[in-house]
Amino acid sequence: MKRVLFYSLLTVQSVILVILGIQYYLIDDYGTEITLLKDEYMDRMPYSDHVYVDYEINFISKDNWEVTEDLERNERVYVLLEADESGIYHVKKVTNKKISPNQEQQTVLKGKYQYYNNYDHLRPAYYYVTYGIENMKYNRDTLNEHAITIKQSPWGELKVMEN
């Protein structure tokens, strides 16, 4: 009996590891394509393969912020994005309660609230939110483009696509 239980657990663990390994590659087939604008002031690590890229959706204006309570750093927020006529996604609203997209040209990303900044001389006051796709290894040609395409899986994982 112990031998059967041991081999059963070993098989279940192996299946779980295989599923975790292939789910990243399934994003290419089943993911929703989202095009984002890079922030114009993004040059943080210009001489490395790993570059920290800020997107336009990292900086959220007070008009789009619908969180009513004070948040601590790294608390989860839900960001509703909506595509414009050219297919670029922009922030429509942010809340700390789970939301669903209402239209086909909308999607929701899970983000982590970082801070509120009203002292930046480059832009008006904003809330800064991260999504886990900012610090990545990028192809140098991709960095020269103004927009970057990501894919969001049905289970919520994000993947930066090579253009």
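What comes next concerns the included structure.

### Re the overall build of the chain
Next, step 1: Within the chain, the regular secondary structure consists of 2 helices and 10 strands.
Next, step 2: Taken from the N to the C terminus, the helices and strands of the chain come in the order α-β-β-β-β-β-β-β-β-α-β-β.
Next, step 3: Across the 163 residues of the chain, 39% fall into the buried class.
Next, step 4: Pairs at least 24 apart in sequence give 61% of the contacts found in the chain among residues at least 6 apart.
Next, step 5: For the chain, the accessible area works out to roughly 10700 Å², and carbon and sulfur atoms hold 51% of it.

### Here we look at the side chain of Q152
Next, step 1: Locating Q152 in the fold gives a position in strand β9 (residues 147-152).
Next, step 2: Within polar-contact distance, the side chain of Q152 engages the backbone oxygen of V108 at 2.9 Å.
Next, step 3: With residues up to four places along the chain from it excluded, the contact list for Q152 reads G31, T32, I34, T107, V108, L109, E157 and L158.

### Observations regarding the pattern of salt bridges
Next, step 1: A complete count under the given rule lists 3 salt bridges for this structure.
Next, step 2: A salt bridge links K92 to E82, with the shortest nitrogen-to-oxygen separation between them at 3.6 Å. Taken together, the residues K92 in strand β5 (residues 89-95) and E82 in strand β4 (residues 76-83) connect sequence positions 10 residues apart.

### Structural notes on helix α1 (residues 2-30)
Next, step 1: Over its 29 residues, α1 runs 40 Å from end to end, which matches the ideal 42 Å to within 8%, given 1.5 Å per residue.
Next, step 2: At Y24, α1 shows its strongest bend, of approximately 45 degrees.

Criteria and thresholds
- Sequence order as written defines the numbering, with residues in each chain counted from 1.
- Selection of residues for local features in this predicted model requires a pLDDT of at least 70, selection of side-chain atom pairs for listing and counting requires 80 or more, and totals for whole chains, interfaces and linings are taken over all residues.
- Each side-chain value is derived from all of the structure's non-hydrogen atoms; neither hydrogens nor water enter the calculation.
- Segments assigned H or I by DSSP are reported as helices when at least four residues long, segments assigned E as strands when at least two residues long, and all are numbered from the N terminus.
- A simple rule labels every residue: compare its accessible area, found with a 1.4 Å probe on the protein chains alone, to the largest value its type can have, and call it buried under 20%, exposed over 50%, or partly exposed in between.
- By definition, residues are in contact when any of their heavy atoms lie within 4.5 Å.
- Using a 1.4 Å probe, the Shrake-Rupley method yields the accessible areas, and only the shown protein chains count as cover for residues.
- Counting of polar contacts relies on pairs of N or O atoms within 3.5 Å, with two restrictions inside protein: one atom must be capable of donating a hydrogen and the other of accepting it, and residues adjacent in sequence are counted only when both atoms are side-chain atoms.
- By convention in these notes, a salt bridge is any Lys or Arg side-chain nitrogen within 4 Å of a carboxyl oxygen on Asp or Glu.
- One fewer than the residue count of a helix, multiplied by 1.5 Å, yields its expected span.
- Bend, in this description, refers to the angle at a residue between axes fitted to the seven residues ending there and the seven starting there.

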